[in-house]
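# What the coordinates show
This is what each chain is made of:
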Amino acid sequence: MSKETLEWLNANTLIGFTDKRGTAWHYRASMQGEETNHYPGPIPVDDVKRRLFDWEALSSPVYVEDPRGGLAQVPGRQAIVRSDNGHVMGIFSDGYEPHPYVEWLINTISRLLDSDLSIGSAGLLKNGAVAWVSVEIPENVVTPEGVEFRPHLFGATSFDGSLATTFKRAVTSIVCDNTMAAGLAERGQQVKIKHSRHSRLRLAEARDALNIVYTLADEFSAAVRGLCQVEVTRREWNKFLDAHVPTPDERGRSRTMAEHKRDTLTKLWDHDHRVAPWSGTAWGVVQAVNTFTHHEQHVRGAERAERNMLRAVTGGVDDLDQSTLLTLSKILDRPFHATAA
């Protein structure tokens, strides 16, 4: 990762509850400046507003140069521009409605929860065009199987057209700092609002759809318990690898990449502290694939932090964990459910 990206993460993301989960993988003390971006407890709401959201997304007309060297306004188009530095985040039709970060992320989540905010993380990506805020319970949850996690509700939105405003339940695994699907074998609840005129969030409907964060600990713990009770032998693990990462017959780059991925997954399965304690179980398979994708897989065209966050918001995390369990279910000839026992 480039120095510029590390500097951005250390200046434009805020990480809370570090007494419970440790420092973020991108933390560099030399890049912290006068004010650290890590907080031992919850991140104060005022700090999120002051340090990340202290600017506006302004609508500006769009002009093009005409053949005579003058400027002509483009009808029906608008640019969304940062008020503090003039950065153009996106160009849209006049029907596009920006969703201001403070109003749609901080204020809406506060109303959804009907309680004081406990912000666990917040940040900006893509030069401020994408933002998220995560609300978490104060304490980690530890299952009898030794799986430690943090349930959370996060909201995210964008000014570049890449995301509808999204509110979603998810889980962070502490041992590896992975985001995981709330239901593992089922799609997690989420609510999306398009950036269109008269768009609004119906709070009562959103609460029902999300079921909020408080029930998530029990649901995820039940899913972990069920998966830890499912044995996966070495022979079944190898068959899973054959299905998950098939090796091409012909030598070449594709075969080399497949062999490298299989070797890395097996090292995680056998030796890595983020996976090995649960090797030999279905939970170990999910943890191996999720950890590989978050931390080991080569990233093309996107920095790892940006890709991981966007995957969490857009449903890629759900798809990843469900796909892993679907493949494993075919190997073991048994279905998986979020609360399987």
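## As for the packing of aromatic side chains
For the structure shown, the criterion picks out 9 aromatic pairs. Look at F220 and W283: their rings are 6.0 Å apart centre to centre, the planes differ by 85 degrees, and that puts the pair in the edge-to-face class. On the criterion of sequence distance, the pair formed by F220 in helix α6 (residues 216–228) and W283 in helix α9 (residues 282–296) is long-range, its members being 63 residues apart. Measuring from ring centre to ring centre gives 5.9 Å for W237 and F240, while their planes differ by 25 degrees; the resulting arrangement is stacked. Residue W237 and its partner F240 are both found in helix α7 (residues 234–244); the two are separated by 3 residues, about one turn of the helix.

## A few points about the nonpolar core
Membership of the largest hydrophobic core comes to 34 residues, with the highest contact counts inside it found for V232, W237, W283, L328 and F336. Those elements that place two or more of their residues in this core are α6, α7, α8 (253–271), α9 and α11 (316–332). At 7 residues, α9 tops the list of elements feeding residues into this core. In this structure, W55, Y101, F167 and L201 belong to the second largest nonpolar core, which totals 32 residues.

## Looking at unusual backbone geometry
Positive phi, close to 55 degrees, is recorded for F17, a residue that is not glycine. Tracing the backbone shows F17 in the loop between β1 (13–15) and α2 (18–21). Taking relative accessible area as the criterion, F17 reaches 4% and is therefore assigned buried. Look at K126: it is not a glycine, yet its phi comes out positive at around 50 degrees. Within the element layout of this structure, K126 appears in the loop between β5 (119–125) and β6 (130–136).

## Describing the side chain of N10
Following the sequence through the fold, N10 ends up in helix α1 (residues 3–12). Among all residues touching N10, those that are not within four sequence positions of it are H26, Y27, R28, M31, Q32 and N37.

## Regarding the side chain of S329
Secondary-structure assignment places S329 in helix α11. Overall, S329 belongs to the buried group, its relative accessible area being 12%. Sequence-distant contacts of S329, defined by excluding residues within four places in its chain, comprise R334, P335 and F336.

## Some thoughts on the sheet that holds strand β2 (residues 57–65)
The antiparallel open sheet is built from 3 strands, whose spatial order is β2-β3-β4. Both outer strands of the open sheet, β2 and β4 (88–93), are each paired with one neighbouring strand and no more. Each adjacent strand pair in this sheet contributes to an overall mean axis angle of 40 degrees, direction not counted. Across 8 bridges, the pairing between β2 and strand β3 (residues 71–82) is antiparallel. Residue V64 lies in a different strand from β3, and its bridge partner there is A72.

## A short note on the pattern of salt bridges
Inspection of the entire model under this criterion finds 15 salt bridges. As a salt-bridge pair, K20 and E139 come within 2.8 Å of each other at their nearest N and O atoms. Of this pair, K20 sits in helix α2 while E139 sits in the loop between β6 and β7 (141–142), and the two are 119 residues apart along the sequence. D66 is paired through a salt bridge with R68; the nearest N and O atoms lie 3.9 Å apart. With a relative accessible area of 17%, D66 lands in the buried category. The exposed category is assigned to R68, whose relative accessible area is 78%. Within the structure, one salt-bridge network assembled from shared partners comprises E35, D47, R50 and R51.

## Regarding α9
Each turn of an α-helix holds 3.6 residues, which means side chains three or four residues apart point in the same direction. The terminal C-alpha atoms of α9 lie 20 Å apart, and with 15 residues this matches the ideal 21 Å at 1.5 Å per residue to within 8%. Among the 15 residues that make up α9, 13 are buried, leaving the element largely enclosed by the rest of the structure.

## Thoughts on the packing of α7 against α9
Direction vectors running N to C along α7 and α9 enclose 40 degrees, while the axes themselves pass 12 Å from each other. It follows from the interaxial angle that α7 and α9 lie oblique. For the crossing formed where α7 meets α9, the hand is right-handed. Note on element contacts: α9 touches α7 through V285, A288 and V289, opposite W237, F240 and H244. Residue composition of the contact of α7 with α9, by class: 5 nonpolar, 1 polar and no charged.

The rules behind each value
- Residues numbered from 1 in each chain as written.
- Predicted model: local features only at pLDDT ≥ 70, side-chain atom pairs only at ≥ 80, totals over all residues.
- Heavy atoms only, no water.
- Phe/Tyr/Trp six-rings, centres within 6.5 Å; stacked < 30°, edge-to-face > 60°.
- Helix = DSSP H or I, 4+ residues; strand = E, 2+ residues; numbered from the N terminus.
- Core = buried A, V, L, I, M, F, W, Y, C linked by side-chain atoms within 4.5 Å.
- Buried < 20%, exposed > 50% of the residue type's maximum accessible area, 1.4 Å probe, protein only.
- Contact = heavy atoms within 4.5 Å.
- Pairing = 2+ DSSP bridges.
- Axes fitted to C-alpha atoms, helices over the stretch in contact; angles between N-to-C directions.
- Salt bridge = Lys/Arg side-chain N within 4 Å of Asp/Glu carboxyl O.
- Expected span 1.5 Å × (residues − 1).
- Parallel < 35°, antiparallel > 145°, perpendicular 65-115°, else oblique.
- Left-handed = near helix turned anticlockwise from the far one by under 90°.
- Nonpolar A, V, L, I, M, F, W, Y, C, P; charged D, E, K, R; others polar.

It is worth stressing that arrangement in space is one thing and function is another; only the former is reported here.
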